[in-house]
Structures are given as structure tokens and as C-alpha cells.
Amino acid sequence: ELHDNIVRYGVMSDDLADFTYQGAAFVPYTMSRDEITRLRQIAFRKFYSRPRFLLRRLFGIRTLNDLKASLNGLRSLLWLWIKQDLFRQGDGFGRA
């Protein structure tokens, strides 16, 4: 139904780069592309910063490889918290 009524609900991008987790292929009339980007970043931060998720990861460490993967994940989480324009269109690294 949404696809059949795109014009009624918003705008669909013609740029294939918008059809990724960084882009916003569909932008409803009630929001801007920047709002979608900002809300997505908030959602990522909240999801991966949940104490239960973090504790499960911590207590799931059994091997050196698990530890390395967890440290990489922690580094990514810290980067997610620091980086303000994570999902801006550009070179794929948050830079417009």
C-alpha cells in the first residue's frame, strides 16, 4: 500500500545510496531527512547502550577472540556516542 501511495505519504529517493542504513530512501511529508537521520542515531545509541545488552556481552566473553570482539564493539559504541553526524550522507564515514 505504501509503495502504491508514495506521492500521497512522502517522497521516494531516486539515489541508490539512500537505500542503505545510512540513507533515507523514503521521507514522509511529516519529517525531514535530517530528522530521520537524527532519530536513527538516537535509536542506535539507546539500543546498544542498554545495560542488559552490555552485561550480556560482558558475561558472554569466554575466549580471547570474544574479548577482542567485545573491545571492538565497545570502541564502536564509544564512537557512536561521540560522533554527532554519524548518518550524514557523504563518504560513508559520517562526513558530508
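Residues numbered from 1 in each chain as written. Predicted model: local features only at pLDDT ≥ 70, side-chain atom pairs only at ≥ 80, totals over all residues. Heavy atoms only, no water.

1. A closer look at the side chain of Asp18
Put simply, the rule reads: For helices the rule is a DSSP run of H or I covering at least 4 residues; for strands it is a run of E covering at least 2, with both sets numbered from the N terminus onward. The buried label goes to any residue with under 20% of its type's maximum accessible area, the exposed label to any with over 50%, and the partly exposed label to all in between, with areas taken from a 1.4 Å probe on protein chains only. Nitrogen and oxygen atoms within 3.5 Å of one another constitute a polar contact, given that in protein one can donate a hydrogen and the other can accept it, and given that sequence-neighbouring residues count only through two side-chain atoms.
Within the secondary structure, Asp18 is located in the loop between β1 (10-12) and β2 (26-28). Asp18 gets classed as buried once you look at its relative accessible area, which sits at 8%. One polar contact links Asp18 to Ser13, side chain to side chain, over a distance of 2.4 Å.

2. Regarding the pattern of salt bridges
The line we're drawing: Salt bridge criterion: a side-chain nitrogen from Lys or Arg within 4 Å of a carboxyl oxygen from Asp or Glu.
Overall, the coordinates contain one salt bridge when judged by the stated rule. Close ionic contact of Arg33 with Asp18 constitutes a salt bridge, the shortest N to O distance being 3.8 Å. One end of the pair, Arg33, is in helix α2 (residues 33-48); the other, Asp18, is in the loop between β1 and β2, with 15 residues separating them in the sequence.

3. Considerations on a nonpolar patch on the surface
In plain terms, the rule: A patch is a set of surface residues, each over 30% in relative accessible area and not in a salt bridge, joined within 9 Å for like charges and within 5 Å for the nonpolar side chains Val, Leu, Ile, Met, Phe, Trp and Tyr. Note on areas: Shrake-Rupley with a 1.4 Å probe; residue coverage comes only from the protein chains shown.
On the surface, Leu64, Leu67, Leu71, Leu74, Leu78, Trp81 and Ile82 cluster together into a nonpolar patch covering about 720 Å² of accessible area. Mapped onto the elements of the fold, Leu67 is located in helix α4 (residues 64-82).

4. Things to note about the packing of aromatic side chains
Note on aromatic pairs: each is described by the distance of the centres and the angle between the planes. Convention followed: Pairing of aromatic rings covers Phe, Tyr and Trp, the last through its six-membered ring, and needs centres within 6.5 Å; plane angles under 30 degrees mean stacked, over 60 mean edge-to-face, and all others mean tilted. Look at NZ for Lys and CZ for Arg. If either is within 6 Å of the ring centre and within 35 degrees of the ring normal, a charge sits over the ring.
Tallied over the full model, the rule gives four aromatic pairs. Ring geometry for Phe44 and Tyr48: centres 6.1 Å apart, planes at 40 degrees, overall tilted. Of this pair, Phe44 and Tyr48 both sit in helix α2, separated by four residues, roughly a single helical turn. Each member of the aromatic cluster is reached from another via a ring pair, and the members are Phe44, Phe47, Tyr48 and Phe53. In this arrangement the basic side chain of Arg50 is found over the ring face of Phe47, its NZ or CZ atom lying 4.1 Å from the centre.

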